[in-house]
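Architecture and fold: a report
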Amino acid sequence: MKLDSKIPSGPLAEKWTKHKFDLKLVSPANKRKYKIIIVGTGLAGGSAAATLAELGYNVSVFCYQDSPRRAHSIAAQGGINAAKNYQNDGDSVWRLFYDTIKGGDFRSREANTYRLAEVSSNIIDQCVAQGVPFAREYGGLLANRSFGGAQVSRTFYARGQTGQQLLLGAYSALSRQIGKGQVKMFPRSEMLELVVVDGHAKGIVVRNMITGEITSHSADAIVLATGGYGNVFYLSTNAKGCNVTAAYRAYKQGALFANPCYTQIHPTCIPKSGDYQSKLTLMSESLRNDGRIWVPKKKGDTRPPNEIPEDERDYYLERKYPSFGNLAPRDISSRSAKEVCDEGRGVGETGQGVYLDFSDAIKRLGEDVIRDRYGNLFQMYERITGEDPYKVPMRIYPASHYTMGGLWVDYNLESNIPGLFVIGEANFSDHGANRLGASALMQGLADGYFVLPYTIGNYLARAGYGPPGTDHAEFKRGESEAQNKIKKLLSINGKRSADSFHRELGNIMWEYCGMARNEAGLKKALELIPALREEFWQNVKVAGENEELNQSLELAGRVADFLEFAEIMCWDALTREESCGAHFREEYQTEEGEALRNDKKYAYVSCWEYKGVGAKPELHKEPLEFENVELATRSYK
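Note that the structure is a prediction, hence the values are computed from the model and not measured.

Remarks on the sheet that holds strand 21 (residues 618-623)
An order of 16-10-20-21 is seen for the four strands of this open sheet, with the pairing classed as antiparallel. Of all strands in the sheet, those with a lone pairing partner are strand 16 (406-407) and strand 21, marking the two edges. With two bridges joining them, strand 10 (residues 257-258) and strand 16 adopt antiparallel strand pairing. When the sheet's bridge partners are listed, Ala-258 is paired in strand 16 with Gly-406. Against the sheet, helix 16 (residues 551-575) contacts strand 10, strand 20 (604-609) and strand 21, and its axis sits at roughly 145° relative to strand 20.

Okay, here's the thing in structure tokens:
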């Protein structure tokens, strides 16, 4: 299979401008003839739907939530990056580009990453025009703060509610188009199949989550904006509904899955408190601007934190990475926390925690300043833990968060299936092996507002309009497959809940394909997952019927996909015999315990092709070429 990334020729800084001119256009009158389906209403999907409808396309939008406003993007608290250089501290498009390439440990495409940095400033202007209430300095300029992996302040924020406020901006634009009739909204609808006709993506099969009705919908192009697959670990910072189903069903129809083993572990999560827990809560990375991370120097020190003298504390990130300190990138910070806890210096009842301490910042700035910056985050922490972070340090520990892997796309955000576009976290394109904080919102809005509206027009102009009717044989086949899977799940009538299988799968993935991986563990996982999947299909208990609101059935379908998808992650991690970014193979590390890349063998995108349930997928490689940055050992010291 030949992978054509369609990266434009010419200097890096001119590629996107040149490419926009070279793309074919659809005239305003002809846009009304085309129909586009978008699955997902987060920042990527919501902004894309609003923008494409504003251009004149007929857009149908599907989400499984009861409202587009409930997409998981609301949970992104800390901020959004942009190279505005309002602080006059040396930021630029090039520096944002380089920080992102370096943060991803040189495993992303130069051209895509540069474009992301280039359009970042436009995002801020767009959102301000929509009324997003970014924080401002005394003089009126938008305020900035720092995030991990950067030595400049480029993160725009709305207290600890940035994702929610940005989503409200996109939602208001989307609502305007719904009101005009340019967008048809289908809430409480879950995509179960991608329909491919004559090699092109032309529709989807969905289940109405209220009535159980299976219906088909056709369009000239399909856009997936369905987020990441972090819930494969069961415990994660993702909303419980987040899943891999839409992307995985596209994969089973021939779309390549790229870099699935690149999963980000976030260092700033409230620690697990018991086996009864079903999700974890993220504390924003913005807290690391003023909070200092430490553990006791002595193993097994159980004294309250305020009783441990300063000279008996190990501010380990400041010690190990003096240039970046507590704002070291997420993968490095997470592994460092695991390391000190494995040494027996973790805090809390479980020993799986480190302190995030604001006492110095409160003394230096005053409690009112800290309350103004982080008040809602401190309040959330206290409600969950019963501890007041103004008086005692927060306790944090790494947890599954974001996924850098996703469906493979070219420079146009189009998958290897013509007509199937993938945006936001659902694609792999911009972050390499590790995402820097505050870059998820940036990518989602860049894709939706400023990239896809150009590139999808190029496909539509070439392919012509007029999607097949839903009576086509491929739609009927998709409906039949969806119905048969539902019937099978409901007929097993076993003794275990889908949730129990999900929890067991999560334990396997966290243990063997989590913060650290090794050959023996990955091979063990590849033995355990098929056995667990076989038991699932013999012993799962799904209560209720299809023709009703049935959350047990919804969960079972998603877990079934996770049980297949988890194997691809392990194959990818096993095949990549190097450490890079969030993919840390224990066999490949420096004497100081840092990730050890192998650029001669593994400077490529791993693209996996479906070969059947339980069969090893076929690996295709897209070589990564670095013409503008020099491959270097990543250092934050």
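Examining the packing of aromatic side chains
Under the counting rule described, the total for this entry stands at 31 aromatic pairs. Consider the rings of Tyr-229 and Phe-257, whose centres lie 5.7 Å apart with planes at 70°: the pair is edge-to-face. Of this pair, Tyr-229 sits in the loop between strand 9 (221-224) and helix 7 (245-252) while Phe-257 is found in strand 10, placing the two residues 28 residues apart along the sequence. Its relative accessible area of 1% is what places Phe-257 among the buried residues. Taken together, the ring pairs in this structure connect Tyr-229, Tyr-248, Tyr-251, Phe-257, Phe-565 and Tyr-610 into an aromatic cluster. One Lys or Arg, Arg-115, reaches over the ring of Trp-16 and ends 4.7 Å from the middle of that ring.

With respect to the pairing of strand 6 (residues 189-197)
Counting buried positions along strand 6 yields nine of nine residues, so the element is predominantly enclosed. Taking the residues that link successive antiparallel strands as the turn, the strand 6-strand 7 (residues 200-208) hairpin has two residues, and the phi of Asp-198 there is positive, at about 50°.

Digging into the sheet that holds strand 13 (residues 313-314)
Overall, antiparallel pairing links the five strands, which are arranged 11-15-14-12-13 in an open sheet. Pairing within the sheet leaves two strands with one partner each, and these edge strands are strand 11 (263-269) and strand 13. Examined bridge by bridge, strand 12 (residues 292-296) and strand 13 share two bridges and lie antiparallel to one another. Note on strand 13: the bridge partner recorded for Val-295 is Asp-314.

Remarks on helix 4 (residues 93-103)
An α-helical turn contains 3.6 residues, so a residue and the one three or four places further along point in the same direction. Turning to helix 4, its buried residues number three or more, namely Leu-96, Phe-97, Asp-99, Thr-100, Ile-101, Lys-102 and Gly-103. Where helix 4 terminates, the next one or two residues include Asp-105, which has phi positive at roughly 55°.

A short note on unusual backbone geometry
What you tend to see is this: most non-glycine residues have negative phi, and most peptide bonds are trans. At Asn-88, a position not held by glycine, the phi torsion is positive, near 55°. Within the secondary structure, Asn-88 is located in the loop between strand 3 (80-81) and helix 4. We note that Asn-493 has phi near 55°; this positive angle belongs to a residue other than glycine. Along the polypeptide, Asn-493 turns up in the loop between helix 13 (473-492) and strand 18 (496-497).

Here we look at the domain arrangement of the protein chain
As assigned here, the protein chain comprises domain 1 (12-264 + 402-463) and domain 2 (265-401). If you average the C-alpha positions of domain 1 and of domain 2, the two centres end up 31 Å apart. At the junction of the two partners, domain 1 supplies 31 residues and domain 2 supplies 33 residues. Three residues stand out in domain 1 for area buried against domain 2, namely Leu-235, Thr-237 and Gln-264, and they jointly supply 25% of the buried area on that side. Going through the elements one at a time, strand 11 and strand 15 (394-403) are the ones with two or more residues in the side of domain 1 that touches domain 2.

What to know about empty space enclosed by the protein
One way to see where empty space is left: roll a probe the size of a water molecule over the atoms. In this structure the tally under the stated criterion is nine cavities of 30 Å³ or more. The calculated volume of the largest cavity comes to roughly 150 Å³. Those elements that provide at least two residues to the lining of the largest cavity are strand 6, helix 7, helix 13 and helix 16. Its residues assigned to classes, the lining of the largest cavity shows five nonpolar, two polar and six charged. What the second largest cavity holds in volume is close to 80 Å³. Tyr-248, Tyr-251, Glu-564, Glu-567, Ile-568, Tyr-610, Gly-612, Val-613, Gly-614, Ala-615 and Pro-617 are the residues that line the second largest cavity.

A few points about the layout of surface pockets
The calculated volume of the second largest pocket comes to roughly 620 Å³. Taken together, 26 residues make up the lining of the second largest pocket; nearest its centre are Leu-235, Lys-272, Gln-352, Tyr-397 and Trp-510. Residue assignment for the lining of the second largest pocket shows that the elements contributing at least two residues are helix 9 (330-345), strand 15 and helix 14 (498-513). Of all the elements, helix 14 adds the most residues to the lining of the second largest pocket, at five residues. Considered class by class, the residues forming the lining of the second largest pocket number 13 nonpolar, six polar and seven charged. Shared between two domains, the lining of the second largest pocket takes at least three residues from each, and those domains are domain 1 (12-264 + 402-463) and domain 2 (265-401).

What counts and what doesn't
Residues numbered from 1 in each chain as written. Predicted model: local features only at pLDDT ≥ 70, side-chain atom pairs only at ≥ 80, totals over all residues. Heavy atoms only, no water. Pairing = 2+ DSSP bridges. Helix = DSSP H or I, 4+ residues; strand = E, 2+ residues; numbered from the N terminus. Contact = heavy atoms within 4.5 Å. Axes fitted to C-alpha atoms, helices over the stretch in contact; angles between N-to-C directions. Phe/Tyr/Trp six-rings, centres within 6.5 Å; stacked < 30°, edge-to-face > 60°. Buried < 20%, exposed > 50% of the residue type's maximum accessible area, 1.4 Å probe, protein only. Lys NZ or Arg CZ within 6 Å of the ring centre and 35° of its normal. Domains from an automatic or database assignment. Buried area = accessible area lost by both parts, 1.4 Å probe. 1 Å grid on protein atoms, 1.4 Å probe; cavity = no way out; pocket = protein on both sides within 12 Å on 5 of 7 lines; lining within 4 Å. Points joined across faces, edges and corners; volume = space filled by probe spheres on them. Nonpolar A, V, L, I, M, F, W, Y, C, P; charged D, E, K, R; others polar.

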